[in-house]
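Residues per chain are reported as follows:
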Amino acid sequence: MSSQHHTSSPNERHRLEGPRNHYLSYLISIILTMIAFAVVLYGGLDRSFIIFFIVGIGVVQVIFQLAYWMHMKDRGHMFPIVGLAFGAFVALSAVAAAVYWVWW
């Protein structure tokens with residue numbers, strides 16, 4: 001009975017799902033980039049909407065890049081994720097402080 005039970009090792013699982021997920025992530029990144037270009041080329045939208053839309057698409061694209069190209073979705077990557085989160089917190093704090101300082 002134990003010969004019928006098949007367990008895959010982490011390396012085997014990674015090898016089998018890697019290329020398909022990379023292709024999908026690359027395709028989604030290309031589509032998001034094309035959407036950003038289309039929104040800017042259309043030109044009939046409010047400038048602040050375009051800026052927030054492009055920043056939003058950029059955030060989504062960064063998440064895809066980190067998850068699939070940098071393998072942050074896999075186990076054992078908690079320390080880099082915490083480091084990236086802390087870096088984002090420091091960067092956002094610096095931007096907020098600079099905006100507060102300029103407009104105060």
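Quick note: structure is the one above.
These remarks concern the structure in this document. This one's a predicted model, so the numbers in the text were calculated from it and none came from an experiment.

## Things to note about the overall build of the protein chain
Item 1. A tally of helices and strands in the protein chain yields three helices and zero strands.
Item 2. Taken from the N to the C terminus, the helices and strands of the protein chain come in the order α-α-α.
Item 3. Out of the 104 residues in the protein chain, the part that is buried amounts to 13%.
Item 4. In the form shown here, the protein chain has an accessible surface area of approximately 8900 Å², with 73% of it arising from carbon and sulfur atoms.

## Side note on the side chain of S25
Item 1. For S25, the location among the structural elements is in helix α1 (residues 10–42).
Item 2. Those residues in contact with S25 that lie beyond four places of it in its chain are F64, Y68 and W69.

## Quick word on the packing of aromatic side chains
Given two aromatic rings, one states the distance between the centres and the angle between the planes to describe the pair.
Item 1. Under the definition given, this model contains one aromatic pair.
Item 2. Centre to centre, the rings of F49 and F53 are 5.7 Å apart; their planes meet at 25 degrees, and the pair counts as stacked. Taken together, the residues span about one helical turn, with F49 and F53 both in helix α2 (residues 47–69) at a distance of four residues.
Item 3. Taking relative accessible area as the criterion, F53 reaches 28% and is therefore assigned partly exposed.

## A closer look at the environment of I57
Item 1. Inspection of the secondary structure puts I57 in helix α2.
Item 2. A residue is classified by how much of its surface remains accessible, and I57, at 9% relative accessible area, is buried.
Item 3. Along the chain, I57 and S29 lie 28 residues apart, while their C-alpha atoms are 9.4 Å from each other.
Item 4. In contact with I57, other than residues within four places in its own chain, are L32, I35 and A36.

Parameters and conventions
Residues numbered from 1 in each chain as written. Predicted model: local features only at pLDDT ≥ 70, side-chain atom pairs only at ≥ 80, totals over all residues. Heavy atoms only, no water. Helix = DSSP H or I, 4+ residues; strand = E, 2+ residues; numbered from the N terminus. Buried < 20%, exposed > 50% of the residue type's maximum accessible area, 1.4 Å probe, protein only. Areas by Shrake-Rupley, 256 points an atom, 1.4 Å probe, with all protein chains shown as cover. Contact = heavy atoms within 4.5 Å. Phe/Tyr/Trp six-rings, centres within 6.5 Å; stacked < 30°, edge-to-face > 60°.

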